[in-house]
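Here are the chains, one letter per residue:
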Amino acid sequence: MGNKPMKQRLTATKKRITNRLSKAPNEYANASNYEATSVSTNSDHGLYERLAVGGHYEEIRNLRIRQDLFVVALDIGTSSSGYAISSYDSYKRDPLQISTFSWKSRTDGFQHFKTLSAVLLNPSGELHSIGYDAEYHYINSLQEEERQQWFYFQNFKMMLYTHQISRDLILHDVKGKPQKALKIFAFIIQGLREDFTTRLAEQIILGEGAVDEDIHWVITVPAIWDEKAKQFMREAARQAGILNDRLSIALEPEAAALYCRFLPVEKLTGSSQDEEISQLKTFSPGAQYLIVDLGGGTVDITAHEILPNGALREIVAASGGNWGSLVINDEFINLIEDLTGTDIMKFIKENHPDDFLTFMSVFENKKRVFSKDDDRVILHVPQSIRDIMCERLGKSVEDHIEEIDRAQEVKFQRDKMYIYNEAFTKLLSGTIEKIVLHVTAVIVSNKLKVDSIVLVGGFAECDLLKSTFRTSFPDTRILVPEDPVLAVLKGAVLCGRNPQILQTRVCRYTYGICTTVDFDEKYYTPDKKIHIGGNTLARDIFNIHIKANETVHIGQKGTPKKYYLNRDDQDQLDLEIYASTKTKPKYTTEDGVFYLGILVIKIPQMAAVCNKSRYFSVSFLLDGTEMEVEAVDSATNETTGVKFDFIG
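Residues numbered from 1 in each chain as written. Predicted model: local features only at pLDDT ≥ 70, side-chain atom pairs only at ≥ 80, totals over all residues. Heavy atoms only, no water.

### Overview of the overall build of the protein chain
Part 1 of the reasoning: Within the protein chain, the regular secondary structure consists of 17 helices and 38 strands.
Part 2 of the reasoning: Classification of the 648 residues of the protein chain by burial places 57% in the buried group.
Part 3 of the reasoning: The contacts of the protein chain with a sequence gap of at least 6 include a subset with a gap of at least 24, amounting to 69%.
Part 4 of the reasoning: When the accessible surface of the protein chain is summed, it comes to about 28,300 Å², and 47% of that surface belongs to carbon and sulfur atoms. (Helix = DSSP H or I, 4+ residues; strand = E, 2+ residues; numbered from the N terminus. Buried < 20%, exposed > 50% of the residue type's maximum accessible area, 1.4 Å probe, protein only. Contact = heavy atoms within 4.5 Å. Areas by Shrake-Rupley, 256 points an atom, 1.4 Å probe, with all protein chains shown as cover.)

Given below as structure tokens:
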């Protein structure tokens, strides 16, 4: 089930921590689930100096290390999802001692590193199953009339990239029936969480309620997602039973970068044993490299440099687009419809969803293992699809392919479809070329001198993609971890343990607050002039707090800016947050500026304090992967509570 049996080491870890807590209750009164140690140890991957600092973290070479008994990462992918776990004790011995779990598909009979990103709801809208179990039950256990009442969702993650995000965002299942997106995302997180706790319970005996107390959860998101999408995933996790203070958000390419950072050379294909690099580390301090995360929905690209203390520095803002491998699925559907008739696959999807899903699953597997040296690719075609093709064409598919002179591209024979090398290469090459062009643009426009390009994600297994990268970047090492589909998942566990491993980040957007200022006709346009209480003001001003492409140190506060109250009876201050790809936007209404959400500052009521002269000094900061805000009350000089609402 997992990479290694966990029962013995997890039980020993739990017992050791419990014994230590019982012997020194005062010392650990504020860190009941945590261990403080003072050791210096050599692992197989280098020296890790540890200094006990108490609390929830342990300092390693000036970096905070989370001490929760377990860190569990959930990777909710467009095509597939899964989880991984690391205990604190195993992390200290070897950071790469991370357990993952296999998933069996009863549809194809194989074991997989991850399960499908699929959710099945019963007619009442309640969760029935997720992943391969959901697929199998929908395809094999339900009759066609029953499928009209059930809800089956698959490949839904991209909705958070292509649609305006809100709590009321609607997803449509494979038959077009609606459910709230937040509910579906919460269900897949819930399903993974319950599957994990069930498997863990089989291997380790914990007291009732102890699992939640001992686990810190990590959920991955693409680096190109904005704050709305991150908060959406937090809310979905909350609805799935994960407490907000027990959850971190990890950016997918950063997680993969951290995983590859720890890998020894022999675990990366494309590296040579005689290269002048560290014997035990993939990269040495000062090295710069690109991570290209090739997911099903999106491709994320980020560039890092290794710092002397082993931490990472982001050197360009994360970028990417919707060029994931699912785009190739669309190209395949277009090929079928070009050969046999418009909308035929849409008809099959709506009327024979079981066979449609089976057919596309076969193609999904073939495209990942396709080699540029393969003469042809063979796909099994379900009988219902062949029958519909023949019915639409009025003849056999074989005869039709001959008549339209496409036999050099494809061949149909009984229950098989043969796609020859040139035609199959064409399906993949358009998407691969877009990825290569964007990587080239990132390197050239930022004048990067990267030593390596690391390919991760399921599509990184594709031989054609790897060979295209090596041809396109002949002077750069093209590296692929031996398990690219798990790089993000395992890296997310490491991110959970190492919340400060990335010490600087380059902002993708300019962030600011909409405000009013004194009107100056030399600087502001007449349409922005307003009159309030005898004052002439300019409205819709973008008050910049963080600039796009600015390098920000993680945890470092930005310059505070003042926002005044305007009523004595005011009990909260609502500030509108905007973002832009521009470095110096002037107005919140101009092109390239978009609304993020509301920042709510609660105002403590105080006697003999005039609110009209009272203000809050607001500072933005990036602590980890998410934006945070600090507001200091001028009346007390104390920090007050703030709340984001990006999803309405």
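From this point, the discussion proceeds with the structure in view.
### Comments concerning the environment of Val72
Part 1 of the reasoning: Among the secondary structure elements, Val72 is positioned in strand S5 (residues 70-76).
Part 2 of the reasoning: The buried category is assigned to Val72, whose relative accessible area is 0%.
Part 3 of the reasoning: Sequence separation of Val72 and Trp217 is 145 residues, and the distance between their C-alpha atoms is 5.0 Å.
Part 4 of the reasoning: Beyond its immediate stretch of four places on either side in the chain, Val72 contacts Tyr83, Ala84, Ile85, Phe196, Ile215, His216, Trp217 and Val218.

### Considering the pattern of salt bridges
Part 1 of the reasoning: Scanning the model with the defined rule gives 30 salt bridges in all.
Part 2 of the reasoning: Notably, a salt bridge pairs Arg93 with Asp89, separated by 2.9 Å at the nearest N-O pair. Of this pair, Arg93 and Asp89 both sit in helix H2 (residues 88-93), four residues apart, which is roughly one turn of that helix.
Part 3 of the reasoning: Judged by its relative accessible area of 15%, Asp89 falls in the buried class.
Part 4 of the reasoning: A salt bridge links Asp415 to Lys416, with the shortest nitrogen-to-oxygen separation between them at 3.2 Å.
Part 5 of the reasoning: On the accessibility criterion, Lys416 (28% relative accessible area) is partly exposed.
Part 6 of the reasoning: Taken together, the salt bridges that share partners define one network made up of Glu144, Arg147, Lys175 and Asp354. (Salt bridge = Lys/Arg side-chain N within 4 Å of Asp/Glu carboxyl O.)

### Brief notes about the nonpolar core
Part 1 of the reasoning: Ranked by internal contacts, the top residues of the largest apolar core, which has 120 residues, are Ile189 and Met417.
Part 2 of the reasoning: Among the elements that take part in this core, helix H6 (residues 181-201) stands out by supplying eleven residues, more than any other. (Core = buried A, V, L, I, M, F, W, Y, C linked by side-chain atoms within 4.5 Å.)

### Description of the pairing of strand S23 (residues 410-413)
Part 1 of the reasoning: Side chains Val410 and Phe412 of S23 all project onto a buried face; the interleaved residues Lys411 and Gln413 project onto a face where none is buried.
Part 2 of the reasoning: Between S23 and strand S24 (residues 416-420), which pair antiparallel one after the other, the connecting turn spans two residues, and Arg414 there sits at a positive phi close to 55°. (Pairing = 2+ DSSP bridges.)

### Brief notes about unusual backbone geometry
Part 1 of the reasoning: Of note in the backbone geometry, Asn155 takes a positive phi value of approximately 55° without being a glycine.
Part 2 of the reasoning: Here Asn155 lies in the loop between strand S13 (151-154) and helix H5 (159-162).
Part 3 of the reasoning: Look at Asn155 and you get partly exposed, because its relative accessible area is 31%.

### Details of helix H17 (residues 487-497)
Part 1 of the reasoning: For H17, the tally of buried residues reaches eleven of eleven residues, placing the bulk of the element in the interior.
Part 2 of the reasoning: Inspection of H17 places Ala487, Val488, Leu489, Lys490, Gly491, Ala492, Val493, Leu494, Cys495, Gly496 and Arg497 among the buried residues, and these make up the whole buried set.

### Some points on the packing of helix H10 (residues 326-340) against helix H15 (residues 421-445)
Part 1 of the reasoning: Interhelical geometry of H10 versus H15 gives an angle of 145° and a closest axis separation of 9 Å. For the element pair H10 and H15, the recorded crossing hand is right-handed. Between H10 and H15, the contacting residues are Val327, Ile328, Glu331, Phe332 and Leu335 on the first element and Leu427, Leu428 and Thr431 on the second.
Part 2 of the reasoning: Of the residues assigned to the contact of H10 with H15, the class counts are six nonpolar, one polar and one charged. (Axes fitted to C-alpha atoms, helices over the stretch in contact; angles between N-to-C directions. Left-handed = near helix turned anticlockwise from the far one by under 90°. Nonpolar A, V, L, I, M, F, W, Y, C, P; charged D, E, K, R; others polar.)

### Observations regarding the sheet that holds strand S11 (residues 118-121)
Part 1 of the reasoning: A sheet is described by the order of its strands in space; here three strands give the open sequence S12-S11-S13, paired in antiparallel fashion. With one partner strand each, in any of the chains shown, strand S12 (127-130) and S13 form the two edges of the open sheet. With strand direction ignored, the average angle separating the axes of adjacent strands in the sheet is 15°.
Part 2 of the reasoning: Note that S11 and S13 share four bridges and pair antiparallel. By the bridge assignment, Val119 is partnered in S13 with Phe153.
Part 3 of the reasoning: Along the sheet face, helix H3 (residues 131-141) touches S11, S12 and S13 and points at about 115° away from the line of S12.

### Here's the deal with the side chain of Asp293
Part 1 of the reasoning: Tracing the backbone shows Asp293 in strand S19 (residues 288-294).
Part 2 of the reasoning: It turns out Asp293 is buried and unbridged, and the closest side chain with the opposite charge, Lys157, is 7.2 Å from it.
Part 3 of the reasoning: The contacts of Asp293, once residues within four sequence positions are left out, are Glu252, Pro253, Thr298, Val299, Asp300, Val456, Gly457 and Val488. (Lys, Arg positive; Asp, Glu negative; His and termini not counted.)

### Considerations on the sheet that holds S24
Sheet strands pair by backbone hydrogen bonding; their relative direction is either parallel or antiparallel.
Part 1 of the reasoning: A sheet is described by the order of its strands in space; here three strands give the open sequence S22-S24-S23, paired in antiparallel fashion. Among the strands making up the open sheet, the edge pair consists of strand S22 (376-380) and S23. Looking at each pair of strands side by side, their axes are set apart by 20° on average, direction ignored.
Part 2 of the reasoning: Here S23 runs beside S24; their pairing, made up of four bridges, is antiparallel. Looking at S24, one finds that Val410 is bridged to Ile419.
Part 3 of the reasoning: Along the sheet, H10 contacts S22, S23 and S24; its crossing angle with S24, the most-contacted strand, is approximately 105°.
Part 4 of the reasoning: Together, S22 and S24 form the strand contacts of helix H12 (residues 353-369), whose direction differs from that of S22 by roughly 155°.

### Regarding the pairing of strand S27 (residues 502-506)
Part 1 of the reasoning: Burial analysis of S27 places four of its five residues in the buried class, which makes it a mostly covered element.
Part 2 of the reasoning: Of the pairings in the sheet, the one linking strand S21 (residues 312-321) to S27 comprises two bridges and is parallel in character. Each residue of the ladder has a partner; that of Arg313, found in S27, is Thr504.
Part 3 of the reasoning: Bridge count for S27 against strand S31 (residues 551-553) is three bridges, and the pairing is antiparallel. Within the sheet, the bridge partner assigned to Thr504 lies in S31 and is His553.

### A word on the confidence of the model for the protein chain
Part 1 of the reasoning: Residues at a pLDDT of 70 or more form 85% of the protein chain, whose mean pLDDT is 84.
Part 2 of the reasoning: Taken as a whole, residues 1-10 scores under 50 in pLDDT and shows 29 contacts with residues more than four places along the chain or in a different chain.
Part 3 of the reasoning: Every residue in residues 16-57 scores below 50 in pLDDT, and together they form 89 contacts with partners more than four places removed in sequence or on other chains. (pLDDT = per-residue confidence, 0-100.)

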